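Architecture and fold: a report
Listed below are the residues making up each chain.
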Amino acid sequence: MLHTVLVFAPLVGAIVAGLFGRAIGDRGAQIVTCGLMVLSALLATVGLFANVGEPARTVPLLEWIYVGSFQADWALRVDPLSSVMMFVVSFCSCWIHIYSVGYMAHDKSIPRFMAYLSLFTFFMLMLVTSDNLLQLFFGWEGVGLASYLLIGFWYTRPSACAAAIKAFIVNRVGDFGFVLGIAGVFLVFDTIQYDTIFRGAAGMANSTIVLFGTSWDTLDVLAFLLFIGAMGKSAQLGLHTWLPDAMEGPTPVSALIHAATMVTAGVFLVARMSPLFEYAPDALAFVTFIGASTALFAATIGLTQFDIKRVIAYSTCSQLGYMFFACGVGAYAAGIFHLYTHAFFKALLFLGAGSVIHAMSDEQDMRRMGGIWRLVPVTYAMMWIGTLALIGFPGFAGFFSKDAVLEAAWASHNAFAHYAFWLGVTAAVLTAFYSGRLIWMTFHGEPRADHETMHHVHESPPVMTIPLGVLAVGAIFAGWLGLGMLDAEGQFWAGSIFTGPDNHVMHDMHEVPFWVKAAPFVAMALGLGLSYVFYILAPDLPARVASAFRPLHSLFYNKWYFDELYDLVFVRGAKALGVAFWRGGDQGVIDRFGPDGVALSTLAAARRAVRIQTGYVYHYAFAMLIGVAALVTWYLVFVRG
Amino acid sequence: MGFDLTPVLPELFLLVAGLVLLVVGVLTREGEAARVVATLSVLALVIGSIIIAASDKSPQLALGGHYVADGFSAFLKILLFVGAALAILLAQGFLHDRRIARFEYSLLVLFSTLGMSMMVSANSFLALYMGLELSALPLYVLAAFDRDNLRSTEAGLKYFVLGALASGMLLYGCSLVYGFAGTLSFDVLADAFGAATAERPPALLPLGAVVGLVFIIAGLAFKLAAVPFHMWTPDVYEGSPTPVTAFLATASKVAAAGLAVRVLMHPFGEWTAQWQQVVVLISIASMLLGAFAAIGQANIKRLMAYSGIGHIGYALVGVAAGSERGVYAVLVYLAIYLVMTLGTFGCILLMRRQGQYVEQISDLAGLSRQRPMAAAALGVFMFSQAGIPPLAGFFGKLLVFLAAVEAGLTWLAVLGVLSSCVAAFYYLRIVKVMYFDEAAEPFDTAVHPAVTGITAITALATLFFIVWPGPLLRAAGAAAAALVR
Amino acid sequence: MIAGLAFYLFAGILIASAVMVVTSRNPVHGVLFLILAFFNAAALFLIAGAEFLAMILVIVYVGAVAVLFLFVVMMLDIDFARLREGFRRNAPLGLVIGGILLIELLLVAAAWRFAPEAAALRLQPVQPDGVTNTEALGRVLYTDYVYAFQIAGLILLVAMIGAIVLTLRDRPTAKRQDVAAQIARSGSVVTRRVPIGAGLAETGIARPPLPEAPKPKQVEHQGGGHH
């Protein structure tokens, strides 16, 4: 009951605000959606405490689809993993709803915005509480839809529409793998219910299936396909291009969807399917490789960007890489732990950035900021807290989780474990550097904005700063509070995260050498110090470095030319192919002989069919008699022969 | 053998209600009679549904074995009663606007529904025929209900004359079967035919009985409006008052389909191989004609006639499967068809210009701008009828085709898919006209709340069927299991 | 032997007159042939021992239905010659279809077989214990076939309702008795003392007072329009 209300309260809010927004007005929509989200967040908090260490149970809702052996019901799976996710989602969403009241105060379509936010929250909750892969897919696509709607919320801006479409299409690529994965799971296990899959996974280990004439390890193939889906949703290397562009949406959207919750769905998927992944070593190696590469790759881009939201977006991408390689090396708990702390400090950073943008009259370029820290002291403090948590300053949330992830990478025996460790440490340096750069450029130095803007700089109203404060508390203490998740015996998770019999990484990660434990701290100090040198002590240094390493800098600055490459290969290639087929194949051959011809003959057939209908009753009677004679004849000739 | 009337309770209740309402209608003041009787009729149908829902679902014979109440009949009866109640509700505003609001409308619908209910509960050819006639006679009158309208009277007369011919065929078939077996009871026939199949190879089964069956199928195909016994449909659908068309297209077809399934699966259940080809033929012809002939239509009611012919073709695909899965698929298909069709007619009844009901497809132009919700609802029904996922209509087709494939009729399923592609053309054309063509005149804004309500509810049911299909599927499954023992 | 001969005689006349019904030029002749067909059918029933059905056929079909047909045919001026044109145009195809059906039904009849238990299942028209066949029919009609019998009654009721729906019209000019209005009319019921033994010549005929004639409408002239 508690969980049903928790999950469906946002849906109710979305329906009320979406359909009756005009009737209840802006204020009404805000009250309804925020009120229901607060309810949901409270219940999620209660649920978290109630479910930690408890075995999984299922709350059935409705019967859904029964086709042959294919069965899927609407049900909520409640276990520690889903409870942690529900808590993260509801809690962040609740405060972001409240923040939006202030941030979107001047917008023209407030009910629509609130309805979309609530709808997103509902889909996300459905995703994390799903009890079978189809329901997971329902939530998966639902959040995709909500993300599309919210990125394109200001649909009159062409860039917003383009970004929304890009996000949708890039996600389709991932979903293609995901759907194949679901189909494959059904093919192999004859069910899509988690329980049954998990029970059967061990038995399927080392079995093979034949694809394209070669035999493959069954579980490796399935895990690989599912991971393709996760890559799309979580913006991993190759399918990451949509995430920075998604920053076209309103900032609360970036905070909720593209930092705290939706993009972590891929990590959740890997953790949820851990019983499958544990028996798929090759897929895990692939996960580790992709995760570690993304962590470094996104951080390098983050170094050079000037849009404040894009910097944070690349940072998100990079942090997601950390979570993935944590899962890849077998430390799913560390991955989820990082997901949980990351949600707080990244939402905080985004909302803080939103507050800055709000203060700077919608300016997002850091080159036109600076010197405002005295003017917006609360936002400034909050941004510092978020940054310290992100770069893993001792005592802050990120410190615990990032250390855990890196230690696990060192301790693991995965083929790419050490690759992940070293890339992770390097990325930590870069993280600290670009985070410091963000703070220095935004708040310190000479004011680079025009006089008009500087004159208007003001602290945000309490409805925006209070959510910042709450999330800041989370960014400081979430690490302490969540340490239980790293428990080596896995009592916290009570089996909801599975680790194979040979997987001792959660043990081993506590027994790594001292220098491994110290490495993240050193990396952080190095990065932060360097950024101080670059942007405060010697402000002309960045330009000099950039020109000294021109090729490298332009590579980073242009995001490794991924967009250009994709444009060249896929977009233009597909378009050229399409035009070729359209002109040559479709118009030339198919249309001439196919649709046009078929359509003509269809019309002719239709006309003939209509002409039978003379309107004379005796013609009709005659037709019936002919019909019965024909049927009897048919029977006598063909059936009795 | 006792004379237990408990299984017949729903019919008895409807009968008594109908007779009482007849008196009520005569004694009430003229201006109010139509409304009062309509309200009470709907109430009676609702109570009837509740009685059925609460009744014992195990097979029970009554009235000398001519009547059987089982899960199968219960499922169909609830569909029929709901369809009839909605047809009465849909009609009130229309009849009032056309100045033909008379209480007999509701009564005739009620008696016809009673006949249909007897049809699906028939356990002998005698009961089958009597139920069929009781259901048909009020329909003839209803078709001509707008008696000062030439088209309406013509529709009634055509329906009557051709209906009589079809009844003749049915009776001829029944007499052949009786001549062979010496009984009209389905149960005894099932035993006799089962024994005949057991001792002889199919090629040597009695010719007379099987030819009789062909005649019976022809008679039922007339009620179903399946090709080549469909000729009456476009004219009658177009001429009849629109709510009557809705009733003809839904309840009447559902009852006939239920009856056909019972006749084929119960007494002739052992003879699947004998009738399968005939049903397949009718099914293919219906699917193709429904798809092709509808393209040329300008009147939306005629279009619905062909669309209905096509739908029956798809439903017959499930019948042709001749298995429990097939029956299950047919039942689901019928239920979804009933909802979609009633909703579509609700939309048609929403279209008025200057107090006149318009029914040309070109009249739909501009509906999306002036009445966005009505256009959206009609759009949902059209997409659903075209079988586009995730709407309800898709699942009906899916189940039917799956059943056909399981029964080894893959090519029939393929043919069905192809013809539904052709059919999608004219459904989508309506959407195109609604959304992309410029309107000539504005639509009336005043609407009848009952019509709006029914349209909205059926549209939501069609749209969100995928979210909670469980109850319908389970009920249909139980009903199918009850028939195919 | 004689029964067999009689059967073929009546059956032959029946078929011949049925053909005549369809083909005769004069519609009145057609109906008369129909009556002949009914009589022969009744005779066939008699041979089969179903004297009750034979009588019913004569009374209902000949006595009522056929006579009604005759009335309709004679009262309505239907141009049968024109109807016949369509018949003639379609006759060849009709003959082909009819011929095919006939051949097929002959095939069926040639290969006819009864189910082994058919004879036992069939209801016997002639009861062994000397019960008349009217009584035998009555026995099953109200027991085994009460369901069908009741539905038949219901169908007739519906037919009646249908006939009323389709034909009954409220003509505004038609005078009808309205009891309620009569009673409610003011002064319609009065008690009067009537002198005993006085004839109508003395008392006169008492008439209720007529309602006042409606006053002519006052036309307003303030507008000062044209007159």
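Of the residues lining the interface, 48 residues belong to chain B; the matching set on chain A comes to 31 residues. Between chain B and chain A, a total of about 3400 Å² is buried, with carbon and sulfur atoms accounting for 74% of that surface. Linking chain B to chain A there are zero salt bridges. At the junction of chain B with chain A, the criterion picks out four residue pairs in polar contact (both at pLDDT 80 or more). Of all the elements in the fold, those that place two or more residues in the side of chain B that touches chain A are helix H6 (150-181), helix H8 (207-224), helix H9 (232-239), helix H11 (272-293), helix H12 (300-321) and helix H19 (470-483) of chain B. Among the elements that take part in the side of chain B that touches chain A, H11 of chain B stands out by supplying nine residues, more than any other. In terms of residue class, the side of chain B that touches chain A is made up of 38 nonpolar, six polar and four charged.

Our next topic: the pairing of strand S3 (residues 208-211) of chain A. All names here are of chain A. Pairing of S3 with strand S4 (residues 214-217), which is carried by four bridges, proceeds in the antiparallel orientation. Bridge pairing in S4 links Leu211 to Thr214. The hairpin formed by S3 and S4 contains two residues between the paired strands, and Phe212 there has a positive phi angle of roughly 50°.

Before going further, it helps to spend a moment on the packing of H12 of chain B against helix H17 (residues 410-436) of chain B. Residues and elements named next belong to chain B. Interhelical geometry of H12 versus H17 gives an angle of 160° and a closest axis separation of 11 Å. Here H17 runs roughly antiparallel to H12, going by the angle between their axes. The chirality of how H12 crosses H17 is left-handed. In this structure, H12 contributes Ile300, Leu303, Tyr306, Ser307, His311, Tyr314, Val317 and Ala320 to the contact, and H17 contributes Leu412, Gly416, Ser419, Ser420, Ala423, Tyr426, Tyr427 and Ile430. When the residues that make up the contact of H12 with H17 are grouped by side-chain class, the tally is 11 nonpolar, five polar and no charged.

Our next topic: the interface of chain C and chain A. In this complex, chain C contributes eight residues to the contact, which on the side of chain A involves 10 residues. The largest share of the area that chain C buries against chain A comes from Asn90, Ile97 and Glu104 of chain C, three residues that together contribute 54% of it. For the pair chain C and chain A, the interface holds zero salt bridges.

What follows covers the pattern of salt bridges. All names here are of chain B. All chains considered together, the criterion is met by 29 salt bridges over all chains. Residue Arg302 is joined to Asp235 by a salt bridge in which the shortest nitrogen-to-oxygen separation is 3.2 Å. Residue Arg302 is located in helix H12, and its partner Asp235 is located in helix H9; the two are separated by 67 residues in the primary sequence. Comparing Arg302 with Asp235, the two get one shared label, buried. Arg325 serves as the salt-bridge partner of Glu406, at 3.3 Å between the closest nitrogen and oxygen. One end of the pair, Glu406, is in helix H16 (residues 392-406); the other, Arg325, is in helix H13 (residues 324-350), with 81 residues separating them in the sequence. Each of the salt bridges in this network shares a partner with another, and the network as a whole consists of Arg151, Glu154, Lys158, Asp235, Glu238 and Arg302.

For the rest of this paragraph, the subject is the confidence of the model for chain B. Taken over all residues, the pLDDT of chain B has a mean of 90, while the share at 70 or more is 98%. Across chain B, helix H4 (residues 104-120) of chain B holds the top mean pLDDT of 95, while helix H7 (residues 186-199) of chain B sits lowest at 81.

Residues and elements named next belong to chain C. Together, Leu46, Met55, Ile56, Ile59, Val60 and Tyr61 line one region of the surface with nonpolar side chains, adding up to about 530 Å² of accessible area. Counting residues per element, the nonpolar patch draws most heavily on helix H3 (residues 51-75), at five residues. Here Val60 is to be found in helix H3. According to the relative accessible area criterion, Val60 is partly exposed, its value standing at 36%.

All names here are of chain B. Over its 15 residues, H16 runs 22 Å from end to end, which matches the ideal 21 Å to within 8%, given 1.5 Å per residue. Those residues of H16 that are buried lie in contact with H12, H13, helix H15 (372-386), H17, helix H18 (449-464) and H19. Within two residues after H16, Gly408 carries a phi angle of roughly 85°, on the positive side.

With that settled, the discussion passes to the environment of Tyr427 of chain B. Residue and element names in this part refer to chain B. By the secondary structure assignment, Tyr427 is in helix H17. Expressed as a C-alpha distance, the spacing of Tyr427 and Ser73, which sit 354 residues apart in the sequence, is 32 Å. When near neighbours in sequence (up to four residues on either side) are disregarded, Tyr427 contacts Ser307, His311, Met382, Gln385 and Ala386.

How each quantity is defined
Residues numbered from 1 in each chain as written. Chains lettered and ligands numbered in written order. Predicted model: local features only at pLDDT ≥ 70, side-chain atom pairs only at ≥ 80, totals over all residues. Heavy atoms only, no water. Contact = heavy atoms within 4.5 Å. Buried area = accessible area lost by both parts, 1.4 Å probe. Salt bridge = Lys/Arg side-chain N within 4 Å of Asp/Glu carboxyl O. Polar contact = N/O pair within 3.5 Å; in protein donor to acceptor, adjacent residues only side chain to side chain. Helix = DSSP H or I, 4+ residues; strand = E, 2+ residues; numbered from the N terminus. Nonpolar A, V, L, I, M, F, W, Y, C, P; charged D, E, K, R; others polar. Pairing = 2+ DSSP bridges. Axes fitted to C-alpha atoms, helices over the stretch in contact; angles between N-to-C directions. Parallel < 35°, antiparallel > 145°, perpendicular 65-115°, else oblique. Left-handed = near helix turned anticlockwise from the far one by under 90°. Buried < 20%, exposed > 50% of the residue type's maximum accessible area, 1.4 Å probe, protein only. pLDDT = per-residue confidence, 0-100. Patch = residues over 30% accessible without salt bridge, like charges linked within 9 Å, V, L, I, M, F, W, Y side chains within 5 Å. Areas by Shrake-Rupley, 256 points an atom, 1.4 Å probe, with all protein chains shown as cover. Expected span 1.5 Å × (residues − 1).

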